[in-house]
Amino acid sequence: AQRVTQPEKLLSVFKGAPVELKCNYSYSGSPELFWYVQYSRQRLQLLLRHISRESIKGFTADLNKGETSFHLKKPFAQEEDSAMYYCALRSGANSKLTFGKGITLSVRP
Amino acid sequence: EAGVAQSPRYKIIEKRQSVAFWCNPISGHATLYWYQQILGQGPKLLIQFQNNGVVDDSQLPKDRFSAERLKGVDSTLKIQPAKLEDSAVYLCASSRDRQETQYFGPGTRLLVL
């Protein structure tokens with residue numbers, strides 16, 4: 001069965017500091033990994049996916065199959081990055097999404 | 001385009017009562033999902049529809065939860081009877097097809113007393 005682990009619940013950094021949100025997964029097949037974000041009082045929304053290999057709002061994430069990880073990184077955090085971040089894995093013929101427990105990112109001025 | 005709509009936004013009921021949630025997906029989206037998000041957890045898929053057919057309900061507690069999408073558009077999720085542990089946010093999401101991006105609604109926050 002697939003599983004997504006986000007080992008930390010909270011990350012608090014100062015503005016301008018680097019950010020790394022950790023995500024590890026367990027899946028026997030070829031995974032599709034995503035990061036979703038939920039800003040205060042907003043809906044859950046897709047931030048980025050590993051297939052597109054793009055940078056969104058300065059965030060990047062690289063799929064490391066050897067370490068079964070998909071960590072989210074940003075070199076210089078901004079206050080507007082403060083939000084809840086969820087890592088998710090898509091699997092199976094029905095493309096089911098399995099989410100991690102999420103991490104709160106707090107960027108202080 | 002209009003986003004996924006859900007109602008009600010909040011609901012408080014007593015245990016053993018019944019409750020229903022409604023979801024209107026984005027127009028043209030064939031796939032509809034219901035998730036349960038308990039405080040401190042990530043969303044957990046309850047049921048997935050492709051048009052009006054169920055493609056995954058493996059994590060739906062079928063003794064008390066039911067869902068339908070009769071015309072392949074709107075959907076309702078019902079809990080009868082509710083238990084204390086059903087207190088959660090119920091999220092509806094939709095996508096053009098299974099492989100496409102899922103768009104989430106604002107959620108319904110349920111409190112069972």
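Each remark here, short or long, concerns the structure printed above.
This is a predicted model, so every value here is computed, not measured. (Residues numbered from 1 in each chain as written. Chains lettered and ligands numbered in written order. Predicted model: local features only at pLDDT ≥ 70, side-chain atom pairs only at ≥ 80, totals over all residues. Heavy atoms only, no water.)

Asks: Before we move on, can you summarise the interface of chain A and chain B with the specific residues and values?
Replies: Quite often, the size of an interface is put as the accessible area lost when its parts meet. Between chain A and chain B, the residue contacts involve 16 residues of the former and 22 residues of the latter. Taken together, both faces of the contact between chain A and chain B bury some 1,600 Å²; the carbon and sulfur share is 41%. Taken as a group, Arg43, Asn94 and Lys96 of chain A account for 35% of the area that chain A buries against chain B, more than any other trio of residues on that side. Seen at the junction of chain A and chain B, the total is zero salt bridges. At the boundary of chain A and chain B, one finds six residue pairs in polar contact (both at pLDDT 80 or more). Residue assignment for the side of chain A that touches chain B shows that the elements contributing at least two residues are strand E5 (32-38), strand E6 (45-49), strand E9 (83-91) and strand E10 (96-99) of chain A. Per element, the largest residue contribution to the side of chain A that touches chain B is three residues, and it comes from E10 of chain A. Looking at the side of chain A that touches chain B residue by residue, the classes come out as seven nonpolar, three polar and six charged. (Contact = heavy atoms within 4.5 Å. Buried area = accessible area lost by both parts, 1.4 Å probe. Salt bridge = Lys/Arg side-chain N within 4 Å of Asp/Glu carboxyl O. Polar contact = N/O pair within 3.5 Å; in protein donor to acceptor, adjacent residues only side chain to side chain. Helix = DSSP H or I, 4+ residues; strand = E, 2+ residues; numbered from the N terminus. Nonpolar A, V, L, I, M, F, W, Y, C, P; charged D, E, K, R; others polar.)

Keep in mind these values describe shape, not function.
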